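# Structure at a glance
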Amino acid sequence: MSAMCGIFGYVGSREDAGKIVVDGLKHLEYRGYDSWGISYKCEDELIKIEKETGKISSVNSNDFCQKSSIAIAHTRWATHGGVSKCNAHPHLSEDGSISVVHNGIIENYQDLRNELKNKGYNFASETDSEVIPHLIQEELKSCSDFSTAVRNACKRFEGRFAVLAMDSNSQTLVAARTGSPLIVGVEKADNGKIDGFFIASDIPAFMEYSKTVQYLDDGEMVVTDGNKIVFTDLETGEEHPKREIEITWNAEKANKGEYDHFMLKEIMEQKDSVARAVNQDEEQIKTIANAIRNAKGTFLIGCGTAHKSCMAGEYFFSIIAQHHVNVSSAGEFKPYHHFLQPESLVIVVSQSGETADVLEAMNIAKEKGSKVLAIVNVEGSTIAREADYTLLINAGPERAVASTKALTGQMAVLILIAYAMIDKLQDGKKQLLDATALINDMLNPRYIDFLRGVAGQIHTHEDLYIIGKSWNFPMALESAIKIQEVSYIHAEGFAGSELKHGPIALVEEGTPCIALIGNDELKGDIIGNTIELKARGAKIIGIAPENNEVFDTWIKVPDAAAAQAIINIIPVQVLSYFLAVQRGKDPDMPRNLAKSVTVK
Ligand code: M6R
């Protein structure tokens, strides 16, 4: 059982390492929240481990305030098998001197496990991760120091992973990366003397203490005792010089403000976040537009909601710029790899900048010599750092698992580029800024209350269908994702014209169906599809600038021309939120999900 998760460790002169890692882990919960665990070393004692199922956010860090200057921690999202205390990390070596947290997959763990069992090692969990501390202990028999043992163990692992190991004898932390992110934070006293080091999956874990960071690249290992840190090549052991980078951005405090949930807060923030996405360096947008025009094949790639913004992008480029681009879900990109050539352009779209499938697509593109443009929200993320060009959408932190403001920011950037391709960047910018004013007007308290009421009419239904045409078709697919992931209602999106080729058989008397409609040349067609649904007994919720007699409920939206897809998805986001709340679900942390999907 492998895990996708957040990892964090500290070693240094501070004496509350347990508390530090628990507090830091709370910033990594978006990477997984089915269980958590920490291990730390108090004076003269072996390693102490505390782990539990459930969310780290509900844990009081003051309970871990015993004197300790070294600790590691983990928040987990299991990819296979059950969620249980014994499967939670950290995992201990047989002799109890080494503890390990792990993100990723050890693909050959079954062979290693059998080999170690034959040598007398006992396994307390069903995880792949537990082979790591045992193998390190085994490797220590044939080498003198802990870091060499970790290196030798890592060389035997197949797959993409990040490992953080703590040794109670040498009081050192060793971390290695072959795919999943790891970042070092350096804490210094005023006189520049090193005070300690943090090693984490993401910067917010240690930002309170340090904004000086060093990134581990794939295939690197790092060793620290809290006084100094050494980066080496994982394979050869050759030392790698490492730059210190000062982070200039702030991790906005996780603060729900006046809202009960981040999801609603983030939906409401679209009043401003779309405008921030539009506010790009114009010369850079023109350069990108040129690159798309000149590329031999442009590919738009993302996962989940980001994939839906790519699909919308295909319509934006076709309708606005009359330019064809290829769209693929990152996980389905493999059959198309052979089309990539040095003159191709791959545009990867990702809120987190850490999604494993997107990273893999990006790496393949780079191997083939193609240029990569990343449209990303999280500054400093792996994708943002490793792409040839990066456009930040500047949506601000998105904490709710359901992606909302990132989607509209991504679509705004794609519309902007499409207009730049026909040398009408200013027109595109104006349309988008007009749309942000419309979002501001739309998201008023009466409108939100009205949507709460609409959710109240349908929240007991178990099936819901959404239709759209043109750029409203990917928005229908996106609507389904939003409703499924937070309310657990079975929702499906379709192209309006596809209904009578099969899906219409699902519609029964009273089935709620949402139609996403714009004031465009396809309006008549989608109204026709809506009438067909109504004729089979569907209750129609029309999201459209104008009312129509076919609607049982009309959710009015402003007419926003090319930005209609952005406008139309917003009431669905609000509706999804209320469906979740009215069904007693937590919209911020839905079951079985994690914010950042760092395994394939
Ligand atoms: O961070 P990314 O944008 O790369 O994430 C991609 C998907 O995992 C993400 O959009 C997911 O589908 C959302 N939870 C949907 O709301």
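Not measured: the values here are computed from a predicted model. (Residues numbered from 1 in each chain as written. Predicted model: local features only at pLDDT ≥ 70, side-chain atom pairs only at ≥ 80, totals over all residues. Heavy atoms only, no water.)

### Thoughts on the site of the ligand
- Inspection of the region around the ligand gives 15 residues, with Ser350, Gln351, Ser352, Thr355 and Glu485 positioned closest.
- Separating a nitrogen atom of the ligand from a backbone N or O atom of valine 401 is a distance of 3.0 Å.
- A distance of 2.9 Å separates an oxygen atom of the ligand from a polar side-chain atom of lysine 482.
- Relative to its unbound accessible area of 420 Å², the ligand is 90% covered by the protein chains.
- Contributing elements (two or more residues each) for the shell around the ligand: helix H8 (304–321) and helix H14 (472–487).
- Grouping the amino acids of the shell around the ligand by side-chain chemistry returns 6 nonpolar, 7 polar and 2 charged.
- If you count residues domain by domain, the shell around the ligand takes at least three from each of domain 2 (251–443) and domain 3 (446–587). (Near = heavy atom within 4 Å. Polar contact = N/O pair within 3.5 Å; in protein donor to acceptor, adjacent residues only side chain to side chain. Areas by Shrake-Rupley, 256 points an atom, 1.4 Å probe, with all protein chains shown as cover. Helix = DSSP H or I, 4+ residues; strand = E, 2+ residues; numbered from the N terminus. Nonpolar A, V, L, I, M, F, W, Y, C, P; charged D, E, K, R; others polar. Domains from an automatic or database assignment.)

### Side note on the packing of aromatic side chains
- For the coordinates displayed, the defined rule picks out 9 aromatic pairs.
- Geometrically, the ring pair formed by phenylalanine 157 and phenylalanine 161 is edge-to-face, given 5.7 Å between the ring centres and 85° between the ring planes.
- With a relative accessible area of 1%, phenylalanine 161 lands in the buried category.
- Relative to phenylalanine 578, the ring of tyrosine 577 lies with its centre 5.2 Å away and its plane at 65°, an arrangement referred to as edge-to-face. The same class applies to tyrosine 577 and to phenylalanine 578, which are both buried.
- Put simply, the rings of Phe8, Tyr10, Phe198, Phe206 and Tyr209 pair up and form one aromatic cluster.
- For the cation-ring pair, arginine 385 lies above tyrosine 215, with the distance from its terminal atom to the ring centre recorded as 3.7 Å.
- One Lys or Arg, arginine 591, reaches over the ring of tyrosine 488 and ends 3.9 Å from the middle of that ring. (Phe/Tyr/Trp six-rings, centres within 6.5 Å; stacked < 30°, edge-to-face > 60°. Buried < 20%, exposed > 50% of the residue type's maximum accessible area, 1.4 Å probe, protein only. Lys NZ or Arg CZ within 6 Å of the ring centre and 35° of its normal.)

### Considering the domain arrangement of the protein chain
- Here the protein chain is partitioned into domain 1 (2–247), domain 2 (251–443) and domain 3 (446–587).
- On a C-alpha basis, the centres of domain 2 and domain 3 stand 24 Å from each other.
- Roughly 2,700 Å² of surface becomes buried between domain 2 and domain 3 when both sides are summed, with 80% attributable to carbon and sulfur atoms.
- Run the count over domain 2 and domain 3 and you get 7 residue pairs in polar contact (both at pLDDT 80 or more).
- Those elements that place two or more of their residues in the side of domain 2 that touches domain 3 are helix H5 (262–268), H8, helix H11 (405–421) and helix H12 (425–442).
- Broken down by element, the side of domain 2 that touches domain 3 gets its largest block of residues, 9 residues, from H8.
- In the side of domain 2 that touches domain 3, the residues fall into 23 nonpolar, 8 polar and 2 charged. (Buried area = accessible area lost by both parts, 1.4 Å probe.)

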